[in-house]
Each structure stands twice: as C-alpha cells, then as structure tokens.
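Secondary and tertiary structure notes
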Amino acid sequence: MSEVKIAAETRTEFGKGAARRIRRASKVPGVLYGHGSDPLHLTFPGHDLLLALRTPNVLISLDIDGKTNELAIPKAVQRDPLKGFLEHVDLQLVKRGEKVTVEVYVHTEGELAPGGNLLEHVLNTLPVETEATHIPESVTVSIEGLTAGASVLAKDIPLPSGTTLAVDEDTVVLQVLAAQAEEAAEGEAEGEEATAEA
C-alpha cells in the first residue's frame with residue numbers, strides 16, 4: 001500500500017469554538033496517539049485528508065510542523081451526518097514492521113447457483129492482523145455456484161501473505177439464503193387467514 005503524505009500542525013486551542021474556527025479555515029482537528037506517548041492534538045488540511053481517507057486503512061505519512069515525520073493509520077473518523085464533511089479524526093501511530101489489527105472490506109466475485117438464492121453479508125469487514133505498511137485494502141472471496149444453506153467462514157477467505165485472521169476462523173462471514181422460504185411462509189400465512197375467515 002502506498003503512503004499518503006499530509007502536512008499537519010500542532011494545535012493549542014481546544015473546545016467547540018476552536019474546532020469551528022479550524023473547520024471554517026477548511027482544516028480538520030484531530031488527535032494522534034499510540035506507543036504510550038501523550039496524545040498529540042493536530043490540525044490537518046481538510047481536502048488532503050478527505051482524499052486520503054477514501055482509501056480504507058490508508059497509511060498516512062505525517063509531516064508535523066515541518067519538524068517530525070510519523071506514520072499513522074485512521075482509527076476513528078467523525079463526519080457531519082448531513083453534509084458528510086470531516087469533523088474530527090483520530091489517528092494511531094504505527095512503525096514499519098509493526099503488526100496492527102484492522103478491518104478490511106470483504107468483496108465477492110462469481111455468481112450464486114441458479115434458483116433465486118440471496119447472499120447475506122453477515123460481516124462486511126473482516127478483522128485481520130497485518131504489518132502496518134502492508135495493510136490490504138480489501139479481501140476477495142469467490143461465491144461461484146454456492147447454493148442455499150452454504151456459508152463462507154473466515155478461514156475460507158484467502159488472505160495476502162503476512163496477514164492473519166484476528167477473529168475466530170469458524171466465524172460466518174457470508175451465507176446463502178433460499179428466497180423461496182420467505183415466499184412459502186407468506187403463502188402459509190395467507191392460507192391461515194383464509195381458513196380463519198371461512
């Protein structure tokens with residue numbers, strides 16, 4: 001995964017008023033923490049950060065006040081619920097070679113067996129442990145030919161080299177449901193209503 005370089009400034013003003021002033025200047029307040037160090041309160045350029053966060057688990061190379069460089073990954077992102085702009089971001093310090101636990105998106109490829117079956121995503125993301133500078137953006141699993149009742153477990157999903165599961169290997173990630181079961185249940189309910197009316 002490529003690194004995204006972002007210039008950050010330390011901030012000394014706190015509270016809602018300060019945060020509003022920062023956002024009016026098209027910047028985003030945030031906190032950098034980890035490795036037992038005191039949390040560092042920072043201000044990020046809003047547009048650069050928004051672009052960087054489009055990549056899941058992006059590795060950010062921070063240039064802080066033009067003096068220090070740190071590597072970080074996003075841990076919590078707060079957005080405005082209506083307008084979607086960034087309100088605050090928490091970043092976690094990481095070091096090259098260090099293992100981190102992150103959630104990666106599960107993508108599917110292929111087609112289910114014919115017959116109107118439905119695919120249910122029990123988990124949209126899969127918790128994995130991986131090296132901080134080699135975090136996969138997503139994992140892909142084939143659902144080709146799966147029939148009703150079939151499940152895809154965490155251990156069935158191929159992971160990149162150096163990445164391991166951070167969840168029980170028998171955790172259900174995907175399952176295939178029979179669409180007809182719902183229709184049959186509705187038909188039985190209608191039949192019972194007709195019997196009751198008679």
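Residues numbered from 1 in each chain as written. Predicted model: local features only at pLDDT ≥ 70, side-chain atom pairs only at ≥ 80, totals over all residues. Heavy atoms only, no water.

1. As for helix α1 (residues 16–24)
- Inspection of α1 places Ala18, Ala19 and Ile22 among the buried residues, and these make up the whole buried set. Along the axis of α1, the buried residues cluster in a sector spanning 100 degrees; they form a single face. Facing away from the buried side of α1 by over 90 degrees, the exposed positions are Lys16 and Arg24.
- Just past α1, the residue Ser26 takes up positive phi, approximately 60 degrees. (Buried < 20%, exposed > 50% of the residue type's maximum accessible area, 1.4 Å probe, protein only. Helix = DSSP H or I, 4+ residues; strand = E, 2+ residues; numbered from the N terminus. Arc of directions from axis to C-beta.)

2. Examining the sheet that holds strand β12 (residues 164–165)
- As summarised here, the arrangement of the four strands in space is β10-β7-β9-β12, forming an open sheet in which the pairing is mixed. Looking at the sheet topology across the chains shown, the edges are occupied by β10 (138–142) and β12.
- Bridge count for strand β9 (residues 125–131) against β12 is two bridges, and the pairing is antiparallel. Across the sheet, the residue bridging to Glu129 is Thr164, located in β12. (Pairing = 2+ DSSP bridges.)

3. Section: the sheet that holds strand β1 (residues 3–10)
- With mixed pairing, the six strands of this closed barrel are ordered in space as β1-β3-β2-β6-β5-β4. Taking each pair of neighbouring strands and ignoring which way they run, the sheet shows an average axis angle of 45 degrees.
- Pairing of strand β4 (residues 59–64) with strand β5 (residues 68–79), which is carried by five bridges, proceeds in the antiparallel orientation. From the neighbouring strand, Ile60 faces β5, where its bridge partner is Ala72.
- Running at roughly 120 degrees to strand β2 (residues 27–34), α1 makes contact with β2, β3 (37–45) and β6 (86–94) of the sheet. (Axes fitted to C-alpha atoms, helices over the stretch in contact; angles between N-to-C directions. Contact = heavy atoms within 4.5 Å.)

4. Some points on the pairing of β5
- The antiparallel hairpin formed by β4 and β5 contains three residues in its connecting segment, where Asp65 sits at a positive phi of about 55 degrees.
- Judged from the eight bridges that link them, β5 and β6 form a sheet pairing that is antiparallel. From the neighbouring strand, Ala76 faces β6, where its bridge partner is Asp90.
- Turn length for the β5-β6 hairpin, with the two strands adjacent in sequence and antiparallel, is six residues, and the turn residue Gly84 shows positive phi of about 80 degrees.

Honestly, it's all geometry; don't read function into it.
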